[in-house]
Amino acid sequence: MAVSGELSAISLSKTSPLISPLSRISSTLPVSLSSRFIHRRICIGTCLTKPSLNLHFRASVLRSSSPGNEVDGGVEDEDEEFVDYEGYDTEEGDESYVVDEEELEAEAKVAVQEYSHFLSRELRIEEEEAKETGGKQKRKKMVPRNVPHHLLPRVAIVGRPNVGKSALFNRLVGGNRAIVVDEPGVTRDRLYGRSFWGEYEFMVVDTGGVLMPSKSQEDVIEDLNVSTTIGMEGIPLAAREAAIARMPSQIERQAARAVEESSVIVFLVDGQAGPTAGDVEIADWLRKNYSNKNIILAVNKCESPRRGLIQASEFWSLGFSPIPISAISGTGTGELLDLVCAGLTRPEDPADPEEEAGSYIPSIAIVGRPNVGKSSILNALVGEDRTIVSPVSGTTRDAIDTEFTGPDGQKYRLIDTAGIRKKAAVASSGSTTEALSVNRAFRAIRRSDLVALVIEALACITEQDYKIAERIEMEGKGCLIVVNKWDTIPNKNQQTSTFYEQDVRQKLRNLHWAPIVYASAISGQSVDKIIIAAGIVEKERSRRLSTATLNQVVSEAVAFKPPPRTRAGKRGRVYYCTQAAIRPPTFVFFVNDAKLFSDTYRRYMEKQLRSDAGFSGTPIRLLWRSRRKMDKGSAAGKTRGTASTSQRKEAAVM
């Protein structure tokens, strides 16, 4: 037991060097065990690191050799070299295989691809095409220019609620970027998408429906589809009414910001409803404040070309020349794009296009339950009111992308998402909009590189937080836990964060590797630490270990704690390990039989990798590949380089 304690202190030490550990370990052992332990380390280390003795599983390089024969310059002694002080013998035939490291590296990449396909099937997000409309448009393909988003001219789409702005946005950018539901007030924040027409490229900006101050509160609740009960149980009635009263002005400010930064304005109206008082007010607002910009009046929902001309003629009273279109079928969108491009100027190519094209911009998705402060954190990071912040639950609907430059000059793409409630709660509410918003949030996690999981300091960590954390870990994304509203905790002392961290680690066990940042978005306290932690996590997520260092870490872990024996007396054996991928770091273990390695031992191996090699803030994947075996009776007749027809590979995934 004393020996085991000494080995544990050596093997698990984070400060222990990874190079030449044999002399350091042997010096701490009794003389009676020192030579035998070194003998075992030489045996295992040779199997893991020495190319001439590595064991390969492809039949094209398998060959048999009798004990004592020289194999690629090395002599093996079956009776002595592969027996340690614990009786850790190799299985019969283990020492008769030779490894080709290039073949192993290629097979490791295949294992990563297979596991990626497996995850994509398991984590399939529900398709939305049956619920959403538009977005599919066939246009002549164009090779995109290497122009950053912020240098492209912008085209804003404005109008009152439920006239089809998001459907037109999806038509122009392609795909289903914006949520389209036959409900008013779905879009509230600005949503950007890249589009092209002919030789022109530009950014299209979708905005929320503009409501003028003449609307009453009842009309605002109806037009914006605001819920005054769901997720607002703890908010006083007066605060709810005040938040609802402020929302039209917040949406108008977002639309005004989009109009100010755009070169062309598409004023969209509903051809089936005809001119309304809201259309007149928006037309007067545009004419009064933005007469210097190119304004195009597009009459939507004109599916019939003949009827569309009659419907469009009713809007001459607004003071603009109307053009009939249909965002659903695409009728008239070509003429609309011709008018749009006539008011645009082509941007100059960047000074260094290769640098712009090759630069990698990490994406950070900000996710969590409703009303934990996700939009407030985004606004605090970018230093402006990029998204609407309100105590009204479900204010954010779409996934909002925003580019941001950190203090060190590194660019990030921040993605604000809708609050994720329980699946049963979303289904019981009957809201199609909320269901699509949750799907957008899951898609944001998938297309991101890092995820900032936001929890509220005074709120208890719930089962839903655990499920979101589980999704992040399964998607293989780097993660940092942001404890928002930290300033609301009373009577804090030096031990408060320690106790809080223990509670978080206990309840979010699957994110035990994620760093925790305590911040307050409203006051701006420690918000900059979020980006600093994100930069560290991204570097860890992109780090690659050399094969020699990795195999030495694995050999030390196996030497300290060998895989347990089965009832039949079999024991798992690790032959070779390699890091096959980054983002997230993925390690492939080539073993004799993956079934001999229990989940407990695999967790132990992951713990040892983190203890000795780091990888803070990122999940790591361990893939276990079993050795390929040849048919009995045909193995003796096979020559070196001949493959067996009955080969099978078996992958065990942690």
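Residues numbered from 1 in each chain as written. Predicted model: local features only at pLDDT ≥ 70, side-chain atom pairs only at ≥ 80, totals over all residues. Heavy atoms only, no water.

Chemist: Tell me about the overall build of the chain, residues and numbers included.
Modeler: When you go through the chain residue by residue, the secondary structure sums to 19 helices and 18 strands. Split into buried and exposed, the 654 residues of the chain put 52% on the buried side. When the accessible area of the chain is evaluated, it comes to approximately 30000 Å², of which 51% is carbon and sulfur surface. (Helix = DSSP H or I, 4+ residues; strand = E, 2+ residues; numbered from the N terminus. Buried < 20%, exposed > 50% of the residue type's maximum accessible area, 1.4 Å probe, protein only. Areas by Shrake-Rupley, 256 points an atom, 1.4 Å probe, with all protein chains shown as cover.)

Chemist: Would you mind going over the confidence of the model for the chain in detail, with residue names and values included?
Modeler: In regions of low pLDDT, the predicted coordinates are not meant to be interpreted in detail. Per-residue confidence for the chain averages 77 on the pLDDT scale, and 71% of its residues sit at or above 70. Throughout residues 1–90 the model reports pLDDT below 50, and contacts reaching past four residues in sequence, or to other chains, amount to 188 contacts. (pLDDT = per-residue confidence, 0-100. Contact = heavy atoms within 4.5 Å.)

Chemist: Could you give me a rundown of the sheet that holds strand S11 (residues 411–416), with the residues and numbers involved?
Modeler: Sheets are built from strands paired through backbone hydrogen bonds, the pairs being either parallel or antiparallel. With mixed pairing, six strands are arranged side by side in an open sheet as S10-S11-S9-S12-S13-S14. Edge positions in the sheet fall to strand S10 (400–405) and strand S14 (516–518), since each has one partner strand and no second. Between one strand axis and the next, the sheet turns through 25 degrees on average, direction left out of account. Against the sheet, helix H16 (residues 496–507) makes contact with strand S12 (450–456), strand S13 (478–484) and S14, and its axis sits at roughly 135 degrees relative to S14, the strand it touches most. (Pairing = 2+ DSSP bridges. Axes fitted to C-alpha atoms, helices over the stretch in contact; angles between N-to-C directions.)

Chemist: Any details on the environment of Leu-268? Residues and values, ideally.
Modeler: Examined against the element boundaries, Leu-268 turns out to sit in strand S6 (residues 264–270). On a C-alpha basis, the gap between Leu-268 and Ile-323 in space is 9.9 Å, while along the polypeptide they are 55 residues apart. Apart from the residues within four sequence positions on either side, Leu-268 is in contact with Ile-157, Val-158, Gly-159, Val-163, Gly-164, Lys-165, Leu-168, Ala-298, Asn-300 and Ile-325.

Chemist: Describe helix H17 (residues 528–541), listing the residues and the values that go with them.
Modeler: An α-helical segment advances 3.6 residues per turn. Residues three or four places apart therefore align on the same side. In this model, H17 (14 residues) spans 20 Å end to end at C-alpha, consistent with the 20 Å of a helix rising 1.5 Å per residue. Every buried residue belonging to H17 is among Ile-530, Ile-531, Ala-533, Ala-534, Gly-535, Val-537, Glu-538, Glu-540 and Arg-541, and all of these are buried. (Expected span 1.5 Å × (residues − 1).)

Chemist: Describe the sheet that holds strand S5 (residues 200–206), listing the residues and the values that go with them.
Modeler: If you walk across this open sheet you meet the six strands as S4-S5-S3-S6-S7-S8, and the pairing is mixed. Strands with a single pairing partner mark the edges of an open sheet, and in this sheet they are strand S4 (191–197) and strand S8 (322–324). Direction aside, the axes of adjacent strands within the sheet are offset by 30 degrees on average. Two elements, strand S3 (residues 154–158) and S5, share four bridges in a ladder whose sense is parallel. Among the inter-strand pairings, Ile-157 is bridged to a residue of S5, identified as Asp-206.

Chemist: Tell me what's going on with the pairing of S12, and back it up with residues and numbers.
Modeler: For S12, the buried fraction is high: six of the seven residues fall into the buried class. Strand direction decides the pairing type here: S12 and S13, joined by seven bridges, are parallel. Considered in S13, the bridge of Leu-453 is made with Ile-481. Crossover connection from S12 via helix H15 (residues 463–475) to parallel S13: handedness right-handed. (Right-handed = clockwise from strand over helix to strand, strands pointing away.)

Chemist: I'd like to hear about helix H5 (residues 165–173), residue by residue, with values.
Modeler: Most of H5 sits out of view: nine of its nine residues are buried. Within H5, burial applies to Lys-165, Ser-166, Ala-167, Leu-168, Phe-169, Asn-170, Arg-171, Leu-172 and Val-173. Just past H5, the residue Gly-174 takes up positive phi, approximately 80 degrees.

Chemist: An account of the nonpolar core is needed here, citing residue identities and associated values.
Modeler: Residues Leu-453 and Tyr-500 are the most contacted members of the largest nonpolar core, which totals 32 residues. The set of elements that each furnish at least two residues to this core consists of strand S9 (363–368), helix H14 (432–447), S12, H15, S13, H16 and S14. If one sorts the elements of this core by residue count, H14 sits on top with five residues. Grouped together as the second largest cluster of nonpolar side chains are 27 residues, Val-155, Val-266, Ala-298 and Ile-323 included. (Core = buried A, V, L, I, M, F, W, Y, C linked by side-chain atoms within 4.5 Å.)

Chemist: Outline the packing of aromatic side chains, listing residues and values.
Modeler: Here the structure, examined in full by the defined rule, presents 12 aromatic pairs. A centroid spacing of 6.1 Å and a plane angle of 25 degrees characterise the contact between Tyr-115 and Phe-118, whose relative ring orientation is stacked. Here Tyr-115 and its partner Phe-118 are both found in helix H4 (residues 101–122), three residues apart, which amounts to about one turn of the helix. For Tyr-115, a relative accessible area of 12% gives the class buried. The exposure class assigned to Phe-118 is partly exposed, which follows from its relative accessible area of 36%. (Phe/Tyr/Trp six-rings, centres within 6.5 Å; stacked < 30°, edge-to-face > 60°.)

Chemist: Tell me about the environment of Cys-302, and please be specific about residues and values.
Modeler: Examined against the element boundaries, Cys-302 turns out to sit in the loop between strand S7 (294–300) and helix H9 (305–313). Distance in space between the C-alpha atoms of Cys-302 and Ala-312 is 8.2 Å, their sequence separation being 10 residues. The residues touching Cys-302, leaving out its near neighbours within four places in the chain, are Gly-271, Gly-308, Gln-311, Pro-324, Ile-325, Ser-326 and Thr-331.

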